[in-house]
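Take a look at the letters that make up each chain.
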Amino acid sequence: MAGHLKDKEAYQRLNYLYQAAHCVLSQNPENVELARFYCFTQKTIAKRLVLRQDPSVKRTLCKKCCSLLVPGVTATSRQRRKKNKTRFTVLRCLSCRQTKTLLNNPEHCLWVDRPEARLEQKMQSDPGPSSKVLPKDTKGDGSLPTKSNMGASRKQQFPPPEPKI
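Predicted model only: the values in this text are computed from it and were never measured. Every residue gets a number counted from 1 within its own chain, in the order that chain's sequence is written. Per-residue local features of the predicted model are confined to residues with pLDDT of at least 70, and side-chain atom pairs are confined, for both listing and counting, to 80 or more; whole-chain, interface and lining totals are unaffected and use all residues. Side-chain metrics rest on all non-hydrogen atoms present in the structure, leaving aside hydrogens and water.

### What about the sheet that holds strand β1 (residues 75-81)?
Consideration 1: The criterion for strand pairing is that DSSP finds at least two bridges linking the strands in question. Segments assigned H or I by DSSP are reported as helices when at least four residues long, segments assigned E as strands when at least two residues long, and all are numbered from the N terminus. Taken together, 3 strands build an open sheet; the order of strands is β1-β2-β3 and the sheet is antiparallel. With partners counted over all chains shown, the strands left at the sheet margins are β1 and β3 (99-103), one partner each. Between one strand axis and the next, the sheet turns by 25 degrees as a mean value, whatever way the strands run.
Consideration 2: Bridge count for β1 against strand β2 (residues 87-93) is 7 bridges, and the pairing is antiparallel. Bridge pairing in β2 links Ala75 to Cys93. Note on method: axes are straight lines fitted to C-alpha atoms, helices fitted across the in-contact stretch only, with angles between N-to-C directions ranging 0 to 180 degrees.

Below you can see the structure in the form of structure tokens.
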């Protein structure tokens with residue numbers, strides 16, 4: 001439970017840094033270095049704590065220079081089409097010229113967005129294996145051990161310590 005709280009605080013910090021980078025660029029588009037610093041800090045925190053970021057966040061960050069990719073401000077956006085009619089969005093970072101190609105298929109659904117990926121719905125629909133499986137400490141006749149016969153088996157396995165003289 002303490003790990004869950006720690007992760008929650010880390011995700012809040014990542015969210016704050018991401019929003020701060022957007023605010024810096026929206027107020028002053030020339031202040032790219034500060035936004036890049038915020039994004040770099042966000043990326044290093046996520047790496048250090050081994051946290052997965054949402055795909056929508058990862059799509060807006062440059063892998064090479066950690067710049068925030070905002071079309072028209074720090075990146076150029078182009079629509080491309082292959083021969084087999086697949087559409088792509090190509091984002092090019094204006095700082096390092098790195099390109100990022102994203103699939104632009106309206107029917108495509110990320111695994112994160114699918115209903116089977118949601119943990120809450122899985123837990124509600126499936127009661128879990130605990131109701132189907134008997135506990136491991138059952139005897140051969142199917143009865144559960146009690147305190148009295150558990151104590152007897154302990155005494156047989158481990159003799160009491162000898163008093164020191």
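There's plenty left to go through after this.
### Concerning the confidence of the model for the protein
Consideration 1: A residue's pLDDT is simply how confident the predictor is in it, with values from 0 to 100. When the pLDDT values of the protein are averaged, the result is 80; 69% of them are 70 or greater.
Consideration 2: Helix α2 (residues 32-48) holds the highest mean pLDDT among the elements of the protein, 96, whereas helix α5 (residues 147-157) holds the lowest, 49.
Consideration 3: Contacts between residues were defined by any pair of non-hydrogen atoms, one from each residue, lying within 4.5 Å. A low-confidence stretch, residues 130-135 stays under pLDDT 50, and its non-local contacts, those more than four residues away or across chains, total 2 contacts.
Consideration 4: Taken together, the stretch residues 150-155 has pLDDT below 50 and engages in 1 contact with residues farther than four places along the chain or on a different chain.

### Some words on the nonpolar core
A general feature of soluble globular proteins is that nonpolar side chains tend to end up buried together.
Consideration 1: Take the buried residues of types Ala, Val, Leu, Ile, Met, Phe, Trp, Tyr and Cys, join any two whose side-chain atoms come within 4.5 Å, and each joined set is a nonpolar core. A 1.4 Å probe rolled over the protein chains alone gives each residue an accessible area, and that area as a share of the maximum for its type sets the label: buried under 20%, exposed over 50%, partly exposed in between. Formed by Tyr18, Ala21, Val24, Leu25, Val32, Ala35, Cys39, Val57, Leu61 and Leu68, the largest nonpolar core amounts to 10 residues.
Consideration 2: For this core, the elements supplying multiple residues, two or more each, are α1 (2-27) and α2.
Consideration 3: Examining the composition of this core, we find that 4 residues originate from one element, α1, more than from any other.
Consideration 4: Residue contacts for Val24: discarding those within four places in its chain leaves Asn31, Leu34, Ala35 and Tyr38.
Consideration 5: Within the second largest apolar cluster, 7 residues are counted, among which are Cys65, Ala75, Cys93 and Cys96.

### What to know about the pairing of β2
Consideration 1: By the criterion of burial, β2 is predominantly enclosed, with 5 of the 7 residues buried.
Consideration 2: Where β1 folds back onto β2 in an antiparallel hairpin, the turn is made up of 5 residues, including Lys85, whose phi is positive at roughly 70 degrees.
Consideration 3: Here 5 bridges tie β2 to β3, and the two strands are oriented antiparallel to one another. Bridge pairing in β3 places Leu91 opposite Lys100.
Consideration 4: Between β2 and β3, which pair antiparallel in sequence order, lie 5 residues; one of them, Arg97, sits at a positive phi of approximately 65 degrees.

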